[in-house]
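# Summary of structural features
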Amino acid sequence: MTDKLKSAESIPGSYGLPIIGELIDFLVKREEFYWQKHQDNGNIFKTSSLIFGKTVCLVGTEANRLVFKDAADRLSSRLGNKLLATISPDSVLLKDGEAHRTNRRMILPVFHQQAIASYFDTIQSVVTAAMADWGERGKIDLSAELHKLTLTVVVKIFLGSESTAEIEQVSEWFNTLVDSVSGVIRWDIPLTSYGRGQTARRKIANYIRQVIAQRSALGDLDRSTDVLSLLVNTIDEDGNKFTETQVIDQAIAFLFAGHDTTSTLMSWLLFELGNCPEWRQRLRDEQQQVMGKEPISMTHLRQLPNMTNVIKEGERLYPPAFLIARVALADIEYAGYLIPAGWFVFISPMLTHRLPEIYQNPDAFDPDRFAPPREEDKKQPYSLIGFGGGAHTCIGVELAQMEMKIILSTLLQKYDWTVTPTTAEIAPVRRPSTMQKQLKATFVSI
């Protein structure tokens, strides 16, 4: 360590109580815990918890550049996301270095533009069916309905499932698995949330294994375009194929990422738009100009700049992951401090996206900030990181954006809506993960 570098112990912040650290404070406050730490300490602060040990949180575009580019080879995504190993231990997210590059390269065909286009009709049909009665139901639980919708989408396009009963069963197992991620007691027994999650995971894995076997016997996997078929049939230039276990792990990882990010972001987008009639009208006017009364198509979705900016503003205000985690594999220098090997390193899309030095009036819903000539996200690299960055950028981001545009376009054609609580009552939202369950929407046919 050079004389000029300050030790990690001198980083602002605190470790909290012995052993458990500040875990209880975080569990009580969730995202607000990091808002408060940032307010008290600035763009670099330390914390500690029973789950992660000693941790440094870095905020801002330079911090994002460090993690995604400058020190990427000295930071482990596999170790940083160890909690997700309970869902999908062999997924591409939990790999580093050459193993990550190889797996990602093999998966890319699943998310190639041609493949994404092939999912359009399936998504459109699910969305249309799910929304058919929204105008007749009074207040609906926005988060629950969008969760159900997006999970149905991913089960159909990733596993090729058509049976309603099968989709509902896989969804039930999957919800149990996701709920188990935050379980502190890691005993694989029925009495614990973790144990129930692992039982559900085994049921999902067996279901996928049976689907592969049945469809292989029918020769169906060779001619289908769903994600499961593509994963089974993928062969890289060196002749490598995914094992059955790897296919199952990747499929479960896609189920997790593919429904959660989309449903969360859409819930808050509809919250903001429900309280912003002028933007609903602007989007309808744009839609009318582009497609008139024609059915929505892929071509139409590419011609909706206002909608693109609305979705980017949703990503900025309500990033699906409020923290991105890595573990330092070697000592790292940053902002005059030495971050030791073995520490967790967090960057925060949530905090970066609300910095006034990047975004004007950052708590306001203002999609025009992304339109020329403002383009606030382009003035500094790594200003908008809701879907990650660098080598670990979300591989399904284009699919997620297409799905969100289909949902929003379909809604705008069929309904007008309002959402409670209103922005006046709860904005700025500092704890979206818990407040999301409060959102109720009323849809009126137009």
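Attention here is on the structure that accompanies the text.

### So, the sheet that holds strand β9 (residues 415-420)
Backbone-to-backbone hydrogen bonds join strands into a sheet, with any given pair of strands oriented parallel or antiparallel. With respect to topology, three strands assemble into an open sheet ordered β4-β10-β9, the strand pairing being antiparallel. Sheet topology places β4 (139-141) and β9 at the edges, where each strand pairs with a single neighbour. Across this sheet, the average inter-strand angle for adjacent strands is 35°, counted without regard to direction. The pairing of β4 with strand β10 (residues 440-445) spans three bridges and is antiparallel. Residue pairing in the sheet places Lys-139 in a bridge with Thr-442 of β10. Those strands touched by helix α8 (residues 142-159) are β4, β9 and β10, and its axis lies near 55° from that of β4.

### Observations concerning the pattern of salt bridges
Applying the stated criterion to the full structure yields 26 salt bridges. The shortest N-O distance in the salt bridge between Arg-202 and Asp-188 comes to 3.0 Å. Separated by 14 residues along the polypeptide, Arg-202 in helix α10 (residues 193-218) and Asp-188 in the loop between α9 (164-179) and α10 bring together distant segments of the chain. A residue is classified by how much of its surface remains accessible, and Asp-188, at 40% relative accessible area, is partly exposed. When salt bridges that share partners are traced, they join Glu-313, Arg-316, Asp-366, Arg-369, Arg-374 and Glu-376 into one network.

### Re the sheet that holds strand β8 (residues 344-347)
Taken together, five strands build an open sheet; the order of strands is β1-β2-β8-β5-β3 and the sheet is mixed. Since the sheet does not close on itself, it has two edges, and those belong to β1 (44-49) and β3 (75-76), each with one partner. As paired elements, β1 and strand β2 (residues 53-58) share six bridges and run antiparallel to each other. Residue pairing for β2: Thr-47 is matched across the bridge by Thr-55. Lying over the sheet, helix α2 (residues 31-41) contacts β1, β2 and β8, oriented at roughly 135° with respect to β1. Sheet strands in contact with helix α3 (residues 61-70) are β2, β3, β5 (324-328) and β8, and its direction is about 125° off that of β8.

Rules behind the numbers
Residues numbered from 1 in each chain as written. Predicted model: local features only at pLDDT ≥ 70, side-chain atom pairs only at ≥ 80, totals over all residues. Heavy atoms only, no water. Pairing = 2+ DSSP bridges. Helix = DSSP H or I, 4+ residues; strand = E, 2+ residues; numbered from the N terminus. Axes fitted to C-alpha atoms, helices over the stretch in contact; angles between N-to-C directions. Contact = heavy atoms within 4.5 Å. Salt bridge = Lys/Arg side-chain N within 4 Å of Asp/Glu carboxyl O. Buried < 20%, exposed > 50% of the residue type's maximum accessible area, 1.4 Å probe, protein only.

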